[in-house]
Amino acid sequence: MSYEYKLPSLGDGVTGQVTEILVKVGDQIEEEDTLMIVSTDKVDAEMPSDVAGTVEAILVSVGDEVNEGDLLVRINTGGESTADTNKAQETPKQEEKPAESAPAKVEAKAETPQKETPKEEQKPATSPQQTGGDANFRMSPLARKIARELGVDAATLKPSDGNRIKADDVLQAAKTKQEKLEKAAKAPASGGGGGMAIQPLPNFEKFGKVQRKAMSRINAVTAENMHYSFSVIPHAWISEKADITNLEALRQQYKDRVKAAGGSLTITAILVKAIAVVLRKMPQFNASIDMETKELVFKDYINIGVAVDTDRGLLVPVIRDVDRKGLTEISIELSEMSKRTRDGKNNLTDMERGSGNFSISNIGGIGGTDLKPIVNSPEVAILGITASLMEPRWNGTEFLPRLMMPMHIGFDHRVINGADAIRFLVELKNILEDPFLGWF
């Protein structure tokens, strides 16, 4: 019978546009076959089927705007058990049509388990790999995939009806989690005078001609994320300079070797590797704070986000496990990921919320003398780099021209104090000035 394939989450508050449809009505498909491409301002996301069967209907067209939960494709899966399951899934739709109010949906869902109850005894025992948070709950492949992408712990999930955790259950859990975060961001700060209301803009047109332009998706999401991060994190900043004269000479010496391997040996690539060394020595910078449980979450892995300037806005893809990669490998991966980001071809996992542990924003190629970067929640620190300049430095007997690179760290003062922040920069400075130190 018919299985309804709905659009999974593309990220917090992100909608998409159908850019390619890769199947047609009547096609035989296998599980995980790509049905279509849905594009956002960040990625071109493949939509894989979580069932095998025959394409029965395609309910969208190229160019359509789609939102999380929209019905995209109907697939005939065949088989008695699947028919019963889908008949139960269709029950809410039959109830919804006469009245589309929210209460009608709730009543329909409440009736569904009664129809599925006789079936549960017929289901075979499931292996641990198929189960969610309870040994008696099964989890669809699509639900498991979405849970991985959204960072939802499968052990916490329960089905909304029947005995099977579906994609909608995962999406609802992710939505509930996001609503809690948004509620926390809007809540009055402790000891403060209440939350800050959004004030309407004045009528600018009475002063002269104006033009309005809609924000892009990435601009809107970035604005919301930055507002949230700056609202909930008590920020502090501190700066230091590193003498990279010798490091720049080494970079020039080895850049052709890295280029031949397919990468670009940039200062940013070197910083990624150096920061991994410092994070191992100072794990409080590789943590997150859980205010609900009053706990610090220390991570055993090191993933670093690198801000990339694109014509659609600033994006921060993540390089994973940098402590286990060599400088050449990091340089290649950073080059490839930067190109994907600028071309709008990122994978969903490149910028998954919470996947990064620490971020770098290097605007030195443009200029700047000072920077106060905003911490990217749930991280606790971010490094900002501005333009390196030749400066006179006293060596004890004379002034010598040295290439000095300003470094600015923004940090969450709930987790990190000012003394540790400057220790972090001094440790990083020492490695950059004498890279051999990074191995001890």
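What you see is a predicted model; the values in this text were computed from it and never measured.

Draft legend 1. View of the sheet that holds strand E1 (residues 2–6). Ordered in space as E1-E8-E6-E3, the four strands form an open sheet in which the pairing is antiparallel. Looking at strand neighbours, the two that pair on one side only are E1 and strand E3 (28–29), the edges of this open sheet. Where strand E6 (residues 53–58) and strand E8 (residues 71–76) come together, four bridges link them in antiparallel fashion. The residue bridging Thr-54 from the neighbouring strand is Asn-76, located in E8.

Draft legend 2. Region of interest: the environment of Leu-400. Inspection of the secondary structure puts Leu-400 in strand E21 (residues 399–412). Judged by its relative accessible area of 31%, Leu-400 falls in the partly exposed class. Considering only alpha carbons, one finds Leu-400 and Met-390, ten residues apart in sequence, at a separation of 9.6 Å. For Leu-400, the residues in contact, after removing those within four places along its chain, are Glu-391, Pro-392, Arg-393 and Asn-395.

Draft legend 3. Broad picture of the pairing of E1. Of all five residues in E1, four are buried, a share of seventy percent or more. In this sheet, E8 lies alongside E1 in antiparallel orientation, the contact comprising five bridges. Of the residues in E8, the one forming a bridge with Ser-2 is Asn-76.

Draft legend 4. Spatial organisation of the side chain of Asp-350. Tracing the backbone shows Asp-350 in the loop between helix H8 (327–343) and strand E18 (358–362). Assessed through its relative accessible area of 7%, Asp-350 is described here as buried.

Draft legend 5. Region of the structure containing the packing of aromatic side chains. Taken as a whole and assessed by the stated rule, the structure comprises three aromatic pairs. An angle of 35° between the planes, with centres 4.5 Å apart, marks the rings of Phe-285 and Phe-424 as tilted. Of the two residues, Phe-285 is situated in the loop between helix H7 (267–281) and strand E12 (287–290) and Phe-424 in helix H9 (residues 418–433); the sequence distance between them amounts to 139 residues. Phe-424 sits in the buried class, given a relative accessible area of 0%. Put simply, the rings of Phe-285, Phe-358 and Phe-424 pair up and form one aromatic cluster.

The rules we used
- Residues numbered from 1 in each chain as written.
- Predicted model: local features only at pLDDT ≥ 70, side-chain atom pairs only at ≥ 80, totals over all residues.
- Heavy atoms only, no water.
- Pairing = 2+ DSSP bridges.
- Helix = DSSP H or I, 4+ residues; strand = E, 2+ residues; numbered from the N terminus.
- Buried < 20%, exposed > 50% of the residue type's maximum accessible area, 1.4 Å probe, protein only.
- Contact = heavy atoms within 4.5 Å.
- Phe/Tyr/Trp six-rings, centres within 6.5 Å; stacked < 30°, edge-to-face > 60°.

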